[in-house]
Every structure is written in structure tokens, then in C-alpha cells.
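Working through the structure, step by step
Listed here are the chains, written in short residue letters.
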Amino acid sequence: MRPRLALAAVPAVVCAALLTPVSAAHAQQHDPATPLAVASKINLRGEAHGIAVREMRIVRKNDILTVQADLSNVGRTDRTVFYRFKWLDNLGGPVGDGEAWKQMRVLGLGQQTVKSVAPTSAAIDLRLEMNVELR
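The numbering scheme is per chain: residues are counted from 1 as the chain's sequence reads. Thresholds applied to this predicted model are a pLDDT of at least 70 for local features of residues and 80 or more for the giving and counting of side-chain atom pairs; totals over whole chains, interfaces and linings are not thresholded and use all residues. Side-chain descriptors were evaluated using all non-hydrogen atoms of the structure, hydrogens and water having been removed beforehand.

Here we come to the overall build of the chain. A run of DSSP states H or I qualifies as a helix once it reaches four residues; a run of E qualifies as a strand once it reaches two. Both are numbered from the N-terminal end. Along its length, the chain carries two helices and seven strands. Its helices and strands taken in sequence order, the chain reads α-α-β-β-β-β-β-β-β from the N to the C terminus. Taken over 135 residues, the chain has a buried fraction of 34%. Contacts: residue pairs with any heavy atoms within 4.5 Å of one another. A separation of at least 24 residues holds for 64% of the contacts in the chain among residues at least 6 apart in sequence. Under the convention used here, a 1.4 Å probe and the Shrake-Rupley method define accessible areas, while residue burial counts only the protein chains that appear. Counting every atom, the chain has about 8,500 Å² of accessible surface; 57% of that belongs to carbon and sulfur. We call a residue buried when its accessible area falls under 20% of the maximum for its residue type, exposed when it is over 50%, and partly exposed in between, using a 1.4 Å probe and counting protein chains only.

Structural data, given as C-alpha cells:
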């Protein structure tokens, strides 16, 4: 005779095992060529479609944050990237009115650098929001 407690625990373990790969795959939407430290600063809307953010430089000058991010197209076909920077305060809330979306074409196997300056000295962090389209 099998104990009922062990049988009751099996479906919970199986469900947890099945859900783990789905949540792990959903969490990694960025291109694998993007370093994890940089990926934590990116809010990707949809798929990366071969656009990797290889490097991000954040510097505080005169108490204002400035950022430069290098976007690389690891594919051979051109991509259209819509992007904006979202500046955050010490509580994670938005600073300023928010930037407008900008559009940029990244040629196949090419690289582009995007730049921005925080609107006020209250900004201590940022997120690069991106939407990548195939054409």
C-alpha cells in the first residue's frame, strides 16, 4: 500500500517542474549576446530579433546621469529599433515627463550607439525600453 501523502505531492512537484522552464524562457527575452548586467537595464517589448546591447556606459557628470548604449545587429538583415530611456528615482519611480520614442535603423551586422541625459539630478537609475521590428 502506498502512502497517500507521497502521491499527493507528486502532482505538485510535476507541475512545478513543468512551469520552471516556461518562466525561465520568458525571463530571458534579451539576445544571448547581451551581458546579464546590461540586460537588467533593458525593458524589451517583444523579441530582440538579433539586436544585442553589447555595452552600456552610465556616468554621473555634474550630478546628472548620462548613458551611452551600443546596439549591435548580430543578423545580416536590417532591423528597425524603437527606443527610449526611462529615468528612475531612488524608489524606482519615474523621473521627469518621460522621453518620446525614437526610431533607428541598425544595418545587418552593424552597430549604433544611443545616448541620453537624465532630466534632473533625482534620477539615479534607468531602463532602456526597446521594440525591435524586422523591417
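Looking now at the sheet that holds strand β7 (residues 125-133). On the basis of which strands lie adjacent, the open sheet formed by four strands has the order β1-β7-β4-β5 and mixed pairing. Each end of this open sheet is capped by a strand with a single partner; those strands are β1 (42-44) and β5 (102-106). The sheet shows a mean angle of 30 degrees between the axes of neighbouring strands, direction not considered. Strand pairing is assigned whenever DSSP identifies at least 2 bridges connecting the two strands. To get an axis, fit a line to the C-alpha atoms, keeping to the stretch in contact for a helix; angles then go from 0 to 180 degrees between the N-to-C directions.

Strand pairing in a sheet is mediated by backbone hydrogen bonds. Such pairs are either parallel or antiparallel. One open sheet holds the three strands; their spatial order is β2-β3-β6, and the pairing between them is antiparallel. Pairing within the sheet leaves two strands with one partner each, and these edge strands are β2 (51-61) and β6 (111-117). Pairs of neighbouring strands in the sheet enclose a mean axial angle of 15 degrees, with direction left out of account. As judged from the seven bridges shared by strand β3 (residues 64-73) and β6, these two strands associate in the antiparallel manner.

Below, the discussion takes up the pairing of strand β4 (residues 79-88). β4 sits mainly inside the fold: seven of its 10 residues count as buried. As defined by bridge partners, β4 adjoins β5 across five bridges and the pair is classed as antiparallel. Following the sheet pairing, threonine 80 is matched in β5 by arginine 105. Pairing of β4 with β7, which is carried by nine bridges, proceeds in the antiparallel orientation. When the bridges of β7 are listed, arginine 84 appears paired with glutamate 129.

Another point: the environment of serine 72. As for its position among the elements, serine 72 is in strand β3. By relative accessible area, serine 72 is classed as buried at 7%. Expressed as a C-alpha distance, the spacing of serine 72 and threonine 113, which sit 41 residues apart in the sequence, is 8.7 Å. Setting aside residues up to four positions removed in sequence, serine 72 forms contacts with Gly50, Ile51, Ala52, Arg54, Gly110 and Gln111.

So, about empty space enclosed by the protein. Throughout, the protein atoms alone are placed on a 1 Å grid, and a set of points is a cavity if a 1.4 Å probe fits but cannot get out or a pocket if it is open with protein on both sides within 12 Å along at least five of seven lines; lining residues have an atom within 4 Å of a point. Grid points are joined across faces, edges and corners, and a volume is the space filled by probe spheres set on the points. Tallied over the full model, the rule gives one cavity of 30 Å³ or more. One number sums up the size of the largest cavity: a volume of about 40 Å³. Contributing to the lining of the largest cavity are His30, Asp31, Thr34, Ile42, Leu44, Ala48, Ile51, Val53 and Met130. The set of elements that each furnish at least two residues to the lining of the largest cavity consists of β1 and β2. As a working rule, the residues Ala, Val, Leu, Ile, Met, Phe, Trp, Tyr, Cys and Pro are called nonpolar, Asp, Glu, Lys and Arg charged, and the rest polar, with Gly in that last group. Classifying every residue of the lining of the largest cavity by side-chain character gives six nonpolar, two polar and one charged.

Turning to the pairing of β7, a few remarks are in order. Where burial is concerned, most of β7 is hidden: seven out of the nine residues are buried. Where β1 and β7 come together, three bridges link them in parallel fashion. Opposite leucine 44, over in β7, you have methionine 130 as the bridge partner.

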